[in-house]
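Fold and geometry: a report
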Amino acid sequence: MKLRADLVQMYRDVHSWVGIIAGLFLFVAFYAGAITMFEEPLKQWASPPVMLPPPVSLEQTPELLQKTFTAHPEAQNDYTIAVTPEDAKRGRLTWEPEQGLGPTRNRHSSGQTFSAGLDQQGNLVVVPKITSETARFVDVLHQTVGLPLPHNIASFVMGTVALLYAVALVSGVIAYLPALVKMLFAVRLGQSLRKRWLDFHNLLGLFSLPFHIIMAVSSVVFAFHGQIFALEHKLFPTTVAATQQATQGGNGLHRHGGRHQGGQPETQPSAAGAEQLPQALLRPMLAPSAVVATVAQQAPGFVPEVLNYMRLGKGRDVIRVFGHDDRYPTRGPTGGFMVLNGYTGQAQTTDYLPGHQQTKFAILTTFFSLHFGSFGGTPVRWLYVVLGLAGAFLFYTGNQLWVVTRRRKEKERGHVQETRGTWVLSALTTGCTLGCVAGISALFCAVPFLPGGGQQQAVSALYYTVFCAFVVAAFCLPGQRGIRLLLAVAGGITALVPVMLCINATPFLHNAQGVGLTVTASLLSLFLLVCAARYKRQL
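Residues numbered from 1 in each chain as written. Predicted model: local features only at pLDDT ≥ 70, side-chain atom pairs only at ≥ 80, totals over all residues. Heavy atoms only, no water.

The next subject is the overall build of the protein. Scanning the protein from terminus to terminus reveals 17 helices and eight strands. Classification of the 539 residues of the protein by burial places 51% in the buried group. Within the protein, residue pairs in contact and separated by at least 24 positions form 71% of the contacts whose partners lie at least 6 positions apart. Counting only carbon and sulfur atoms, one obtains 65% of the accessible surface of the protein, whose full area is about 24,200 Å². (Helix = DSSP H or I, 4+ residues; strand = E, 2+ residues; numbered from the N terminus. Buried < 20%, exposed > 50% of the residue type's maximum accessible area, 1.4 Å probe, protein only. Contact = heavy atoms within 4.5 Å. Areas by Shrake-Rupley, 256 points an atom, 1.4 Å probe, with all protein chains shown as cover.)

Written as structure tokens, this is what we have:
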């Protein structure tokens with residue numbers, strides 16, 4: 001069915017204006033989101049190493065626990081055991097002393113974390129463990145579309161932007177799909193700048209349309225997750241209540257962006273029961289080696305990474321086993337978890353365990369995994385990186401297409417200079433997009449020089465300083481020279497990222513992810529520098 005010309009024009013206007021309003025926010029969300037696909041290796045790279053002796057084996061861990069609890073009895077209320085060798089290098093045993101002293105603490109608060117080990121003589125060694133918040137901050141940028149606002153307000157804005165994003169997708173498909181089919185692979189490099197922007201925009205938009213639909217719908221869900229989970233509780237009251245009772249708040253994998261070591265929830269459980277426990281040595285729970293063995297029996301194929309021992313009191317002591325199973329999608333960005341009885345090892349809930357969920361939870365898990373890319377292993381994560389960067393470029397080309405078209409129309413009407421509205425949007429497009437790229441690159445360049453690899457206040461101040469400097473420069477520097485300069489500066493800062501990746505931690509380059517991230521940063525910097533050298537404003 002062929003639409004009337006006036007309807008097609010209406011959908012084109014809706015697509016253009018809605019895309020313009022949402023485009024700058026979405027650039028930040030997609031660019032930062034592409035980087036957060038590898039938040040964990042970046043966090044490990046940026047965090048200072050824990051100066052501990054080599055970790056004891058899992059079989060020797062009970063000895064480590066006994067000596068630690070004797071010296072630090074507060075640690076036995078809530079502690080974690082790293083199972084995998086990579087995590088163990090940063091400390092087999094970790095805990096936060098404040099946990100269990102009050103209700104619901106946040107993992108990303110300023111509470112001190114400690115790690116413990118045994119030296120060659122069997123003596124206890126306890127050191128503070130500092131985790132860099134640089135990679136975590138980039139994930140927060142992704143969640144809040146770059147707005148330095150309280151998370152609940154920024155999330156509401158993000159949800160609104162996602163709704164506009166969905167409207168732009170629908171209107172764009174209706175208005176442009178018939179023409180796109182005819183000129184699918186036509187990229188007119190030798191034509192005007194407007195036609196080049198249009199062809200690149202159309203090509204990227206069409207081939208990544210399914211990905212963008214998934215991102216738009218899932219982002220709305222994450223923004224309004226409170227209402228959605230309230231509905232989930234009404235639909236599945238028995239299962240949800242049982243899960244909450246077993247985990248005592250361990251549903252942190254619901255939270256958008258809950259990327260953390262071993263997949264641990266960001267929000268800690270209520271310690272109402274734990275704070276009543278005496279500080280003497282308590283009855284030991286199941287040994288780590290026994291936990292790994294019982295998990296292998298109950299969930300073959302599930303690879304445990306972190307064991308979280310929780311003293312909830314009143315016979316409700318549990319062990320939350322976080323890990324991954326590459327055969328199945330997961331509810332969280334990095335994996336799933338199961339909850340075991342602390343003494344028998346019997347599974348109490350598997351609602352978040354990959355491959356062992358009921359149908360209703362498996363459907364929700366599939367939905368979440370499509371947003372996080374938490375299925376298919378590393379190849380899918382790299383696919384999401386490419387699609388994320390391509391999506392950011394899609395929004396940039398959309399804004400540039402609008403600016404170039406407006407300039408051409410204004411020139412045809414006899415305007416000697418571009419109007420204020422065109423000038424403002426052009427400056428915002430250049431300043432916000434390149435400011436985001438340069439700001440994130442500056443964070444990773446500064447990691448070796450920031451205390452603790454960068455804590456929240458420092459990384460936030462650095463990012464927004466660079467971002468605002470680029471926006472101000474885009475308004476102050478004249479036309480073509482200003483854009484070329486900002487492209488060159490952003491490219492130069494990004495070119496330093498692979499240098500810092502190599503200098504700060506050589507072992508980072510001993511795995512495929514580290515090499516891939518270094519190569520990606522190098523290619524991105526080269527792209528920006530080439531654009532700066534060849535940029536020429538045209539109509």
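All right, on to the pattern of salt bridges then. Enumeration over the complete set of coordinates arrives at six salt bridges. Among the ionic pairs, Glu63 bridges to Lys67, the shortest N-O distance being 3.2 Å. Of this pair, Glu63 and Lys67 both sit in helix H3 (residues 61-71), four residues apart, which is roughly one turn of that helix. Since its relative accessible area comes to 35%, Glu63 is described here as partly exposed. Accessibility expressed as a relative area gives 32% for Lys67, which makes it partly exposed. (Salt bridge = Lys/Arg side-chain N within 4 Å of Asp/Glu carboxyl O.)

As a further point, take the packing of aromatic side chains. Scanning the model with the defined rule gives 23 aromatic pairs in all. Measuring from centroid to centroid gives 6.0 Å for Tyr352 and Phe361, while their planes differ by 75°, and the two rings are edge-to-face. As far as the burial class goes, Tyr352 and Phe361 line up, both buried. Among the aromatic side chains, those forming a connected cluster through ring pairs are Phe30, Tyr165, Phe211, Phe375, Tyr384 and Phe395. One cation-aromatic arrangement involves Arg283 over Tyr343; the distance from NZ or CZ to the ring centre is 3.8 Å. Seen from the ring of Phe368, Arg331 lies directly overhead, with NZ or CZ sitting 4.6 Å from the centre. (Phe/Tyr/Trp six-rings, centres within 6.5 Å; stacked < 30°, edge-to-face > 60°. Lys NZ or Arg CZ within 6 Å of the ring centre and 35° of its normal.)

What follows is about the side chain of Ser441. By secondary structure assignment, the location of Ser441 is in helix H14 (residues 420-446). A polar contact of 3.0 Å, which involves the side chain of Ser441, links it to the backbone oxygen of Val437. Excluding residues that lie within four positions of it along the chain, Ser441 makes contacts with Ile493, Thr494 and Val497. (Polar contact = N/O pair within 3.5 Å; in protein donor to acceptor, adjacent residues only side chain to side chain.)

With that settled, consider the nonpolar core. Core analysis: the biggest nonpolar cluster contains 68 residues, and Tyr31, Tyr165, Ile440, Phe444 and Tyr463 have the highest contact counts within it. In terms of residue count, H14 provides more of this core than any other element does, twelve residues in total. What Phe444 contacts, discounting residues up to four positions off in sequence, is Ile35, Leu42, Trp45, Thr134, Val138, Val497 and Met500. Among the nonpolar cores identified, the runner-up in size contains 25 residues, and Leu58, Tyr79, Val83 and Val291 belong to it. (Core = buried A, V, L, I, M, F, W, Y, C linked by side-chain atoms within 4.5 Å.)

What follows is about the packing of helix H5 (residues 134-143) against H14. At a closest axis distance of 10 Å, the pairing of H5 and H14 adopts a crossing angle of 165°. Judged by the angle between their axes, H5 and H14 are roughly antiparallel. As for the relative orientation of H5 and H14, their crossing is right-handed in sense. Residues Thr134, Phe137, Val138 and Leu141 of H5 pack against Ile440, Leu443 and Phe444 of H14. (Axes fitted to C-alpha atoms, helices over the stretch in contact; angles between N-to-C directions. Parallel < 35°, antiparallel > 145°, perpendicular 65-115°, else oblique. Left-handed = near helix turned anticlockwise from the far one by under 90°.)

Before going further, it helps to examine helix H15 (residues 456-476). Each α-helix turn comprises 3.6 residues. Residues three or four places apart therefore point the same way. The terminal C-alpha atoms of H15, which comprises 21 residues, lie 30 Å apart, in line with the 30 Å expected from a rise of 1.5 Å per residue. Of all the positions in H15, only Val459, Ser460, Tyr463, Tyr464, Val466, Phe467, Phe470, Val471, Ala473 and Ala474 are classed as buried. Buried residues belonging to H15 abut H5, H14 and helix H16 (479-504). (Expected span 1.5 Å × (residues − 1).)

Our next topic: H5. Within H5, nine of the ten residues are buried, leaving the element largely enclosed by the surrounding structure. Here H5 has its buried residues at Thr134, Ala135, Arg136, Phe137, Val138, Asp139, Leu141, His142 and Gln143.

Now for the sheet that holds strand E7 (residues 336-341). Judged by pairing direction, the sheet is antiparallel, and its eight strands sit side by side in the order E4-E3-E2-E1-E5-E6-E7-E8 without closing on themselves. Strands with a single pairing partner mark the edges of an open sheet, and in this sheet they are strand E4 (124-129) and strand E8 (347-349). For this sheet, the mean angle separating the axes of adjacent strands, direction not counted, is 30°. Pairing geometry for strand E3 (residues 113-118) and E4, over six bridges, is antiparallel. Each residue of the ladder has a partner; that of Gly117, found in E4, is Val125. Along the sheet, H3 makes contact with strand E1 (78-82), strand E2 (93-95), E3 and E4, crossing E3 at roughly 125°. (Pairing = 2+ DSSP bridges.)

Moving on: unusual backbone geometry. Phi is positive for Val145, close to 45°, though the residue is something other than glycine. Following the sequence through the fold, Val145 ends up in the loop between H5 and helix H6 (151-182). For Val145, a relative accessible area of 4% puts it in the buried group.

Quick look at the environment of Leu462 now. Mapping Leu462 onto the fold places it in helix H15. A relative accessible area of 25% places Leu462 in the partly exposed class. Put simply, Leu462 and Leu443 are 19 residues apart on the chain and 7.0 Å apart in space, counted from C-alpha to C-alpha. Not counting chain neighbours up to four residues away, the residues in contact with Leu462 comprise Ala442, Leu443 and Ala446.

Here the focus is the confidence of the model for the protein. This prediction gives the protein a mean pLDDT of 81; 80% of its residues lie at or above 70. Here residues 99-110 is a poorly scored stretch, pLDDT under 50, and it has 32 contacts once near neighbours within four places are set aside; other chains count. Low confidence marks residues 246-278, where pLDDT is under 50. Its contacts with residues over four positions away, or in another chain, come to 118 contacts. (pLDDT = per-residue confidence, 0-100.)

Judged by side-chain polarity, Val515, Val519, Leu523, Leu526 and Val530 come together as a nonpolar surface patch covering roughly 420 Å² of accessible area. Following the sequence through the fold, Leu523 ends up in helix H17 (residues 512-534). On the basis of relative accessible area, Leu523 is assigned to the exposed category, the value being 55%. (Patch = residues over 30% accessible without salt bridge, like charges linked within 9 Å, V, L, I, M, F, W, Y side chains within 5 Å.)

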